[in-house]
Amino acid sequence: MSLIQKRALIAVLSILLVAALSVGGFAWYFYSSIKGTAHKVYEPTQRPVYVSKDPAVEEEAVPSDNLPFTVLVMGVDERLNDVGRTDTLMLLAVNPQKSDVLMLSIPRDTRTTIIGRDTEDKINHAYAFGGVNMAVQTVESFLDYPVDYYVKVNMEGFEKIVDLLGGVEVDNSFAFTIDGQTYEKGKLKLTGEQALLYSRMRYDDPRGDFGRQNRQRDIIQQVMKNALTISSLTKASGMLEQIGSNVKTDISFDTMKDLLVNYRPKIEKITQKEVSGQGTRIGGIYYYIVDRAERDRLHAMIKEHQQQSKPELH
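Since this is a predicted model, take the numbers as computed values, not measurements.

(A) Fine view of the overall build of the protein chain. Secondary structure summary: the protein chain contains 10 helices and 14 strands in total. Considering the protein chain as a whole, with its 314 residues, one finds that 53% of them fall into the buried category. Within the protein chain, counting contacts between residues at least 6 apart in sequence, those at least 24 apart form 68% of the total. Carbon and sulfur atoms provide 49% of the accessible area of the protein chain, an area that totals close to 14,700 Å².

Here it is, written out as structure tokens:
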């Protein structure tokens, strides 16, 4: 795995960590600013600890002593006078002993029980109904696996970060048009607004939501690559400002430092997985149906990935 790919992993884990890495050349100068930003984005939840139906699954994990943990990354489409929905849902299962991160993209149209409402609906509606708490608990129930941390990114603010970094370059696999913007096949240089549209298109993609998820990952990796080349104090300051305004997480500043110092050097690869299912219409509304066998497979896959020998407690 290349150095850029390793660094791209941290970008997916948390846009906030991108900021911390991108100003590496000015680390001491910006330490207090980064710490202040970390405190600004820190927003713990009051959700109960999820207890899996599988007795072999630990109830809770803490990223210390190189123990595995999970993070739910939510890209939220929050516009004026709109509570928003999760445009992107990615579960990251981090296991430093295996030097691997399992990245599971959950289709936004997945039909499941919305925890707290006891109704069947699209999984991305959970955030609209009950914010971060309901979104996280719904994903936990869907996978029957606890989520230790969340990172929420406002996608409208994300485009400003792209512009601050001078745009992003992508290799588009086929030509398409969305909202009057045409994207030709081949290598493209995109502004923040163009990158956001590019990452959202799915209806003209032969792979539907899976194609959209791939484009989102490409954009995030390019943002990380560009962030690592920042040579301007103004750009670094602007990026911290945008992150402070558009990111929320329950990962504390001390935990972030632990992730960078103790976890990052041990991660060598990303294993990307997708949820298998079938699209259908119920009452005229499109849903992505994931059967029980597939949900059991996903649960077993995450559990197996997170298993490891743990140090004895004294």
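(B) Just the side chain of Asp205, in detail. Mapped onto the elements of the fold, Asp205 is located in the loop between helix H6 (192-200) and helix H7 (209-227). On the basis of relative accessibility, which here comes to 8%, the residue Asp205 falls in the buried class. A distance of 2.5 Å separates the side chain of Asp205 from the side chain of Arg215, its partner in a polar contact. In this structure Asp205 touches Phe174, Gly211, Arg212 and Arg215, once residues within four positions along its chain are discounted.

(C) Region of interest: the sheet that holds strand E6 (residues 149-154). The strand order across the open sheet formed by 6 strands is E11-E6-E1-E2-E3-E12, and the pairing between neighbours is mixed. Where the open sheet ends on each side, the last strands, each with one partner, are strand E11 (247-249) and strand E12 (269-274). This sheet shows a mean twist of 20° between the axes of neighbouring strands, independent of strand direction. Pairing of strand E3 (residues 100-105) with E12, which is carried by 6 bridges, proceeds in the parallel orientation. In the strand pairing of E12, Leu104 is matched with Lys273. In the packing of helix H4 (residues 125-143) onto the sheet, the strands contacted are strand E1 (69-77), strand E2 (85-95), E3 and E6, and the crossing angle to E1 comes to about 150°. Contacts from helix H5 (residues 155-164) reach E1 and E6 within the one sheet, and its direction differs from that of E6 by about 70°.

(D) Layout of the packing of H4 against helix H10 (residues 292-306). Running from N to C, H4 and H10 point in directions that differ by 100°, and their axes come no closer than 8 Å. Taken together, the axes of H4 and H10 lie roughly perpendicular to each other. Here Ser141, Phe142 and Leu143 of H4 lie close against H10, whose contacting residues are Arg295, Leu298, His299 and Ile302. When grouped by side-chain class, the residues that make up the contact of H4 with H10 number 4 nonpolar, 2 polar and 1 charged.

What counts, and where the lines are drawn
- Residues numbered from 1 in each chain as written.
- Predicted model: local features only at pLDDT ≥ 70, side-chain atom pairs only at ≥ 80, totals over all residues.
- Heavy atoms only, no water.
- Helix = DSSP H or I, 4+ residues; strand = E, 2+ residues; numbered from the N terminus.
- Buried < 20%, exposed > 50% of the residue type's maximum accessible area, 1.4 Å probe, protein only.
- Contact = heavy atoms within 4.5 Å.
- Areas by Shrake-Rupley, 256 points an atom, 1.4 Å probe, with all protein chains shown as cover.
- Polar contact = N/O pair within 3.5 Å; in protein donor to acceptor, adjacent residues only side chain to side chain.
- Pairing = 2+ DSSP bridges.
- Axes fitted to C-alpha atoms, helices over the stretch in contact; angles between N-to-C directions.
- Parallel < 35°, antiparallel > 145°, perpendicular 65-115°, else oblique.
- Nonpolar A, V, L, I, M, F, W, Y, C, P; charged D, E, K, R; others polar.

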